[in-house]
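Fold and geometry: a report
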Amino acid sequence: MYKTELPMKGLKVIELATVVAAPITGRILAEFGAEVIKIESPPYGDSARTIGLSHSLPIDEGNNPLFDQLNTGKRFVALNLKTEEGMEAFLKLLEDADVFITNVRMKSLVKMGINYDSIKDRFPELIYAHFSGLGIDGDEANKPCFDQTAFWTRSGALTEVLARGSVPPSMSFGFGDIVSSSSFLNGILMAIYARNNSGEGTFIS
């Protein structure tokens with residue numbers, strides 16, 4: 001009989017992310033054994049908790065299939081990072097974390113003092129993984145962005161599934177997010193491998 005152990009066992013991941021792309025990455029890491037702690041803002045938490053209503057899905061306590069699809073296997077904590085106590089608790093969680101995943105816009109991270117440059121000296125082994133719809137540089141970096149706009153419209157992917165002159169279809173929920181999260185996950189895994197050799201954390205985007 002073979003004894004198998006999930007490959008990410010022992011890895012601690014802190015997730016400050018909402019909706020689809022970044023949370024899916026956290027879910028996959030959890031599926032493979034990582035301890036993933038998802039931070040949500042009170043009082044309502046991740047907006048994915050209520051999106052199911054627009055897809056005719058239940059959102060009852062203990063029965064929220066869309067939210068569960070994105071967050072199965074995680075532990076959850078509600079923190080108000082705008083308070084001193086909330087920020088203190090957040091930084092405490094990072095003390096022994098291996099990976100920090102976020103899709104909060106960079107402008108907000110800088111304002112809160114938790115962008116990579118602000119915390120890298122305090123947490124030199126931390127892998128800081130930032131997911132953004134429009135990149136972290138340039139005039140549009142801090143604009144809100146979702147799957148329909150960043151993936152389907154701007155990348156030109158929509159042209160690959162359309163016949164010339166046809167009406168654009170309504171694409172399935174989070175398709176581009178899930179595709180993009182695979183690349184994001186690959187970047188995190190490479191950073192983990194590199195840190196195992198160097199002992200140093202890094203920033204990936």
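The preceding data block contains the structure.
Residues numbered from 1 in each chain as written. Predicted model: local features only at pLDDT ≥ 70, side-chain atom pairs only at ≥ 80, totals over all residues. Heavy atoms only, no water.

Here we come to the side chain of arginine 195. The residue arginine 195 is located in helix H8 (residues 175-198) in this model. For arginine 195, a relative accessible area of 12% puts it in the buried group. With sequence-adjacent residues up to four places away left out, arginine 195 is seen in contact with Asp98, Glu125, Ile127, Glu200 and Gly201. (Helix = DSSP H or I, 4+ residues; strand = E, 2+ residues; numbered from the N terminus. Buried < 20%, exposed > 50% of the residue type's maximum accessible area, 1.4 Å probe, protein only. Contact = heavy atoms within 4.5 Å.)

Taken N-terminus to C-terminus, the directions of helix H1 (residues 21-31) and H8 make an angle of 55°; their axes are 8 Å apart at the nearest point. In terms of their interaxial angle, H1 and H8 are classed as oblique. Considering the relative orientation of H1 and H8, their crossing is right-handed. Note on element contacts: H8 touches H1 through Asp177, Ile178, Ser181, Phe184, Leu185, Ile188 and Leu189, opposite Ala21, Ala22, Ile24, Thr25, Ile28 and Leu29. Residues of the contact of H1 with H8, tallied by class, amount to ten nonpolar, two polar and one charged. (Axes fitted to C-alpha atoms, helices over the stretch in contact; angles between N-to-C directions. Parallel < 35°, antiparallel > 145°, perpendicular 65-115°, else oblique. Left-handed = near helix turned anticlockwise from the far one by under 90°. Nonpolar A, V, L, I, M, F, W, Y, C, P; charged D, E, K, R; others polar.)

Further remarks concern a positive patch on the surface. On the surface, Lys82, Arg105, Lys107 and Lys111 cluster together into a positively charged patch. Checked against the element boundaries, lysine 107 lands in helix H5 (residues 106-112). A residue is classified by how much of its surface remains accessible, and lysine 107, at 62% relative accessible area, is exposed. (Patch = residues over 30% accessible without salt bridge, like charges linked within 9 Å, V, L, I, M, F, W, Y side chains within 5 Å. Areas by Shrake-Rupley, 256 points an atom, 1.4 Å probe, with all protein chains shown as cover. Salt bridge = Lys/Arg side-chain N within 4 Å of Asp/Glu carboxyl O. Lys, Arg positive; Asp, Glu negative; His and termini not counted. Charge placed at Lys NZ, Arg CZ, Asp CG, Glu CD.)

Below, the discussion takes up unusual backbone geometry. For the bond from proline 42 to proline 43, the omega torsion is 5°, close enough to zero to count as cis. Relative to the assigned elements, proline 43 resides in the loop between strand S2 (35-40) and helix H2 (48-51). Backbone geometry places valine 19, a non-glycine residue, at a positive phi of 65°. By secondary structure assignment, the location of valine 19 is in the loop between strand S1 (12-16) and H1. Since its relative accessible area comes to 13%, valine 19 is described here as buried. Phi is positive for serine 56, close to 60°, though the residue is something other than glycine. By secondary structure assignment, the location of serine 56 is in the loop between H2 and helix H3 (65-71). Accessibility expressed as a relative area gives 73% for serine 56, which makes it exposed.

Before going further, it helps to spend a moment on the packing of aromatic side chains. One pass over the full model with this rule turns up ten aromatic pairs. Ring centres of phenylalanine 90 and phenylalanine 100 lie 5.5 Å apart, and the angle between their planes is 65°; on these two criteria the pair is classed as edge-to-face. Highlighted residues: phenylalanine 90 in helix H4 (residues 84-94) and phenylalanine 100 in strand S4 (residues 99-102), separated in sequence by ten residues. You can call phenylalanine 100 buried: its relative accessible area is 0%. Relative to tyrosine 128, the ring of phenylalanine 100 has its centre 5.1 Å away and its plane inclined at 80°; by these criteria the two rings are edge-to-face. Here tyrosine 128 lies in strand S5 (residues 127-130) and phenylalanine 100 lies in strand S4, a separation of 28 residues in the sequence. As far as the burial class goes, phenylalanine 100 and tyrosine 128 line up, both buried. Every member of this aromatic cluster is reached through a ring pair, and the members are Phe90, Phe100, Tyr116, Tyr128 and Phe203. Geometry around phenylalanine 76 places arginine 49 over its ring, the cationic atom sitting 5.5 Å from the centre. (Phe/Tyr/Trp six-rings, centres within 6.5 Å; stacked < 30°, edge-to-face > 60°. Lys NZ or Arg CZ within 6 Å of the ring centre and 35° of its normal.)

Just distances and angles here, no functional claims.
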